[in-house]
Amino acid sequence: LNRLAEVDCFKPACYSERTFLAIMYTLNLPVDAKEQAMLATRRQRMEERHQRLHNPSARKNGADLNALAQQIEEKRAREQAEKDAERAADLEMLEHARMGLLADQQRHAERKAALKEDEAYRRSCQATTLRREWDINDPLATLREQPLRSQDDQDDQLLAQQLGAASLQKFDGEDISHLERAAQQRAARREATRQQLVQRQQRQVAEAQAEQKAAELAMQQAMYAEQVQMQRDAQRRQQQQEASNWNKRMAEEKRQASRTARQNEWVQDAASIQAEVASPLLCEDPAQASSHGPRTVLADRYRGMAPEDVAAIRQAQLDQAKQTQAEAQARHRREEEEAAAQATMARQALLLEQKLEHERQQALRTTVEENQSLLMQQTARRANRDLSHNTITPAFFDQFGRDAR
């Protein structure tokens, strides 16, 4: 809080508190040499790569020792530049820290001097003996007090010198030097007040001058920091613009090279296709196939047939198609006849089955009627049979020896 209060004393009216603190504590760092070195190295590598790619001997033979050695030297130089930049930044930070420490020491010294001046002022101008109520609180006032009647005459003065402090000297209503004493006290108070006002004005003037100097110093530091920041921003923007332009140019060159390569490839492919299409092999030139005689055909140069052979094959294909169609029609007729025959046989089999079923039903009914008749005869025989005696009849003997054996 004390730090913010001190900063607020020197803050200009045109800056806000946050802006003033940001400007006041901005470090005056040097230009970022590391970033510049990185950009330069990247550009140089792109140029070297471009040259190596367009150099057939370096592309076919392998690695370039000179380029590798140069890269090693560049890396060492870059590392040395980075170390130098870091060392410069460290020195700059140490310088800023030293300046801040000196400023803090100066402020502490000024504060200590102000405290000493206040203490001296209190000792010299605000001592207990100079207070207006000191005569009431002075423990030795009675000893230092002179007799009141010491100025009446010489006899009283001599008498006062002989009397002690405990002697009765003052009576009610007697105060000869009251007016003179009151005037002296008023003059002493006026003088003390005047001296205090003069000292206060001097202290205020000194504080105002110190504040003005501190404000001017802070304003100068803020303006310098703002200028340095603007320069760094401008340099960074310029570097970014250069890098962007370089990247755009390289990208455009790459696109142009790719476009040219594609166009060349397309032209070569079109020429190759045209050559293949126009070649004697695909055109099937009969002259190439019959170069060794009219009756000799080279199969590796000519795979086609004569128009007469093609017409004969087409005619054979037509004949085969007609024959196939006739066979299909005959097969269809045979299938229809077989289907009609199968239908007739199925119908006859169904009629035969129905007839057999009718005969079986008729035989079953006949068998049932015979069984019922036999059952009725058997029942009648059982009812008419005499069970009281067992008589052997000729029918008993007729049942033996009736088979062929």
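Numbering of residues starts from 1 in every chain and runs along the sequence as written. Where local features are concerned, this predicted model is filtered to residues with pLDDT of at least 70; where side-chain atom pairs are given and counted, the filter is 80 or more; whole-chain, interface and lining totals use all residues. Hydrogens and waters are ignored; side-chain quantities use all the structure's heavy atoms.

1. Describing a negative patch on the surface
- Residues with no salt bridge and a relative accessible area higher than 30% make up the patches, which join like charges within 9 Å and nonpolar side chains (Val, Leu, Ile, Met, Phe, Trp, Tyr) within 5 Å. Residue-level accessible areas treat just the shown protein chains as cover; the underlying method is Shrake-Rupley with a 1.4 Å probe. We define a salt bridge as a side-chain nitrogen of Lys or Arg found within 4 Å of a carboxyl oxygen belonging to Asp or Glu. In this tally, Lys and Arg are treated as positive and Asp and Glu as negative; His is ignored, and so are the chain termini. Every charge is mapped to an atom, namely NZ of Lys, CZ of Arg, CG of Asp or CD of Glu. The grouping of Glu335, Glu336, Glu337 and Glu338 at the surface amounts to a negative patch.
- By the element assignment, Glu336 lies in helix α12 (residues 307-384). Note on conventions: DSSP H or I runs of at least 4 residues are helices, E runs of at least 2 residues are strands, and numbering of each starts at the N terminus.

2. Some points on the confidence of the model for the protein chain
- What pLDDT conveys is the predictor's confidence in a given residue, as a value from 0 to 100. Put simply, the protein chain has an average pLDDT of 79, and 74% of its residues get 70 or more.
- The contact criterion used is simple: two residues touch if any of their non-hydrogen atoms lie within 4.5 Å. Low pLDDT, under 50, characterises residues 1-7; the stretch is placed with 11 contacts to residues that sit more than four places away or in other chains.
- Here residues 150-154 is a poorly scored stretch, pLDDT under 50, and it has two contacts once near neighbours within four places are set aside; other chains count.

3. As for the pattern of salt bridges
- A full pass over the atoms with the stated rule returns 11 salt bridges.
- A salt bridge links Arg43 to Glu242, with the nearest nitrogen and oxygen atoms 3.5 Å apart. Note that Arg43 is positioned in helix α3 (residues 33-53) and Glu242 in helix α9 (residues 178-277), a separation of 199 residues in sequence.
- For each residue, the accessible area found with a 1.4 Å probe, counting protein chains only, is set against the maximum for its type, and the residue is called buried under 20%, exposed over 50%, and partly exposed in between. Residue classification places Arg43 among the partly exposed residues on the basis of a relative accessible area of 25%.
- On the basis of relative accessible area, Glu242 is assigned to the partly exposed category, the value being 36%.
- Salt-bridge contacts for Arg194 lead to Glu191; the nearest nitrogen and oxygen are separated by 2.4 Å.

4. So, the side chain of Glu74
- Among the structural elements, Glu74 can be located in helix α5 (residues 65-125).
- Buried and without a salt bridge, Glu74 has Arg45 as its closest oppositely charged side chain, separated by 5.0 Å.
- Setting aside chain neighbours within four positions, we find Glu74 in contact with Gln44 and Glu48.

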